Amino acid sequence: MDLEKKPVVSDVGAWAMNVVSSVGIIMANKQLMSPNGYAFGFATTLTGFHFIVTALVGWVSNATGLSVSKYVPFWELFWFSIVANLSITGMNLSLMLNSVGFYQISKLSIIPVVCFMEFLLHSKHYSRQVILAVAVVALGVGICTVTDVDINAKGLLCACVAVFCTSLQQITIGSFQKKYNIGSFELLSKTAPVQAASLLIVGPFADYYLNHRSLLEYRFTSGATLFILLSCSLAVFCNMSQYLCIGRFSATSFQVLGHMKTVCVLILGWILFDSALTLKNILGMLLAVLGMVVYSWAVEYEKQVKRATHIIADSKSEGEDVKLLKEKVNGLAKSDLELGQTKS
């Protein structure tokens, strides 16, 4: 019983770490970037700071022997960092160029894109129950988040790049872990330095294009520095838990159950920042949570069906082996009998 409970507890722990750290970093960044807060409007550069701290934690872990460094080809890390950075920059540009409603729709579209890409790349199939649950989650999150929808050509292009790169990034994380037999934190330790270096080179220029402000002109107060350090600390747990969750489950599950963070952000925004919470928001959140419950049940049901199928197949093969063995024994016995009759 203890052996059966350990994976469940660790899975729940991975999801809890991701939800808590993601919601925490959103709340910290909201205070850091808000005009009423510290007005640090350099999102891409801040992400570069996140990966610097993550890379530093990974280096310390490897140096002290807490984790083992495994080989991953540099060109794999390089193209992965390009995809990951395009995902971050594309999302920031999509938020700037599009309405909030269209930005939320583009984030919701990541789920079907991930499903389609997993089907193309890994021939993964989904049951009707899983597809229905995904649709319910998307509908619920859409109801509670999507408001005005305004589309333009540049914004649509940035949204498409962001959705495609985000989907490919999350699928690649799982593929790398299986391909190189590498753990979540070890893989993150490999990708973080490359992402940090590239984001710190591109970030200031991307942020200047986004808000027409230079990082050199920003006045770093003690409060702003404290929130930057808090954001970077939470980012380590957020990045670590993302790799951990995708490695344990799948990119699709990470996207579907990850919308629990959206629900938590809306509730905390209402509690901490006096954000409006209407009946429409509440109904949408309830529908999204219902969809997540159904999705979890559908995935578990698929696992049980596959397990039962494997057991039946194994029992059939064992039955065939027993049958062949009996025929062989009977054949040997018959030949011995005939040989005895011939001798007599």
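As named in an unreviewed UniProt entry, the protein chain is Sugar phosphate transporter domain-containing protein, taken from Musa balbisiana. According to the UniProt record, the Subcellular location (unreviewed entry) comment for the protein chain is "Membrane".

**Brief notes about helix α8 (residues 184-211)**
An α-helical segment advances 3.6 residues per turn. Residues three or four places apart therefore align on the same side. Under the 1.5 Å per step criterion, the end-to-end length of α8 is only 35 Å for 28 residues, more than 12% shorter than the ideal 40 Å. Residue Val-202 marks the point of greatest curvature in α8, where the axis turns by about 40°; the proline Pro-204 follows within four residues. Phi for His-212, located one or two positions after α8, is positive at around 55°.

**Some details on the nonpolar core**
Phe-80, Ile-173, Leu-187 and Tyr-243 are the most contacted members of the largest nonpolar core, which totals 13 residues. Elements with a contribution of two residues or more to this core: α3 (74-97), α7 (153-179), α8 and α9 (222-248). If we ignore the near neighbours within four places in the chain, the residues touching Leu-187 are Ile-173, Phe-176, Gln-177, Ile-182 and Tyr-243. Residues Tyr-103, Ile-110, Val-114 and Ala-162 belong to the second largest nonpolar core, which totals eleven residues.

**Observations concerning a nonpolar patch on the surface**
A cluster of nonpolar side chains, namely Phe-74, Phe-78, Ile-82, Leu-86, Leu-157 and Val-161, defines an oily patch on the protein surface of about 560 Å² accessible area. When contributions to the nonpolar patch are tallied by element, the ones reaching two or more residues are α3 and α7. The dominant element in the nonpolar patch, judged by the number of residues it contributes, is α3, at four residues. Locating Phe-74 in the fold gives a position in helix α3.

**A look at the UniProt feature "transmembrane region" (unreviewed entry) in the protein chain**
As annotated by UniProt and renumbered to match this structure, "transmembrane region" (unreviewed entry) occupies residues 12-32, 38-60, 72-95, 101-121, 130-149, 218-237, 249-273 and 279-298. For the annotated span residues 12-32, helix accounts for 100% and strand for 0% of the residues, and the straight-line distance between the end C-alpha atoms is 30 Å. Within residues 218-237, the helical portion is 80% and the strand portion 0%, while the C-alpha atoms at the span's ends are 27 Å from each other.

**Some words on the packing of α3 against α8**
Packed helix pairs are characterised by how far apart their axes lie and by the angle those axes make with each other. Two numbers describe how α3 lies on α8: the axes approach to 9 Å, and their chain directions differ by 30°. Between α3 and α8, the angle falls in the class roughly parallel. Here α3 runs over α8; the crossing is right-handed. Counted together, Phe-74, Leu-77, Phe-78, Phe-80, Ser-81, Ala-84, Asn-85, Ile-88, Thr-89, Asn-92, Leu-93 and Met-96 of α3 and Lys-190, Thr-191, Val-194, Gln-195, Ser-198, Leu-199, Ala-206, Tyr-209 and Leu-210 of α8 form the full contact between these two elements. Grouping the amino acids of the contact of α3 with α8 by side-chain chemistry returns 13 nonpolar, seven polar and one charged.

**Topic: the confidence of the model for the protein chain**
When pLDDT is averaged along the protein chain, the result is 76, and 72% of the positions lie at 70 or above. Averaged over each element, pLDDT in the protein chain is lowest for helix α12 (residues 279-343) (63) and highest for helix α2 (residues 43-63) (89). Below pLDDT 50 for its whole length, residues 1-9 participates in one contact with residues either more than four positions away or in separate chains.

**Some details on the packing of aromatic side chains**
According to the stated counting rule, one finds ten aromatic pairs in the structure shown. Geometrically, the ring pair formed by Tyr-38 and Phe-227 is tilted, given 5.5 Å between the ring centres and 40° between the ring planes. Taken together, the residues span a long stretch of sequence, with Tyr-38 in the loop between α1 (2-33) and α2 and Phe-227 in helix α9 at a distance of 189 residues. Taking relative accessible area as the criterion, Tyr-38 reaches 27% and is therefore assigned partly exposed. With a centroid separation of 5.9 Å and an interplanar angle of 75°, the aromatic rings of Phe-176 and Tyr-180 are classed as edge-to-face. Judged on exposure class, the residue Phe-176 and its partner Tyr-180 are both buried. Cluster of aromatic residues (ring-pair linked, three or more members): Phe-40, Phe-42, Tyr-218 and Phe-220.

Rules used throughout
Residues numbered from 1 in each chain as written. Predicted model: local features only at pLDDT ≥ 70, side-chain atom pairs only at ≥ 80, totals over all residues. Heavy atoms only, no water. UniProt positions renumbered as here; feature names shortened; annotations may be inferred. Helix = DSSP H or I, 4+ residues; strand = E, 2+ residues; numbered from the N terminus. Expected span 1.5 Å × (residues − 1). Bend = angle between axes of the 7 residues up to and from the residue. Core = buried A, V, L, I, M, F, W, Y, C linked by side-chain atoms within 4.5 Å. Buried < 20%, exposed > 50% of the residue type's maximum accessible area, 1.4 Å probe, protein only. Contact = heavy atoms within 4.5 Å. Patch = residues over 30% accessible without salt bridge, like charges linked within 9 Å, V, L, I, M, F, W, Y side chains within 5 Å. Areas by Shrake-Rupley, 256 points an atom, 1.4 Å probe, with all protein chains shown as cover. Salt bridge = Lys/Arg side-chain N within 4 Å of Asp/Glu carboxyl O. Axes fitted to C-alpha atoms, helices over the stretch in contact; angles between N-to-C directions. Parallel < 35°, antiparallel > 145°, perpendicular 65-115°, else oblique. Left-handed = near helix turned anticlockwise from the far one by under 90°. Nonpolar A, V, L, I, M, F, W, Y, C, P; charged D, E, K, R; others polar. pLDDT = per-residue confidence, 0-100. Phe/Tyr/Trp six-rings, centres within 6.5 Å; stacked < 30°, edge-to-face > 60°.

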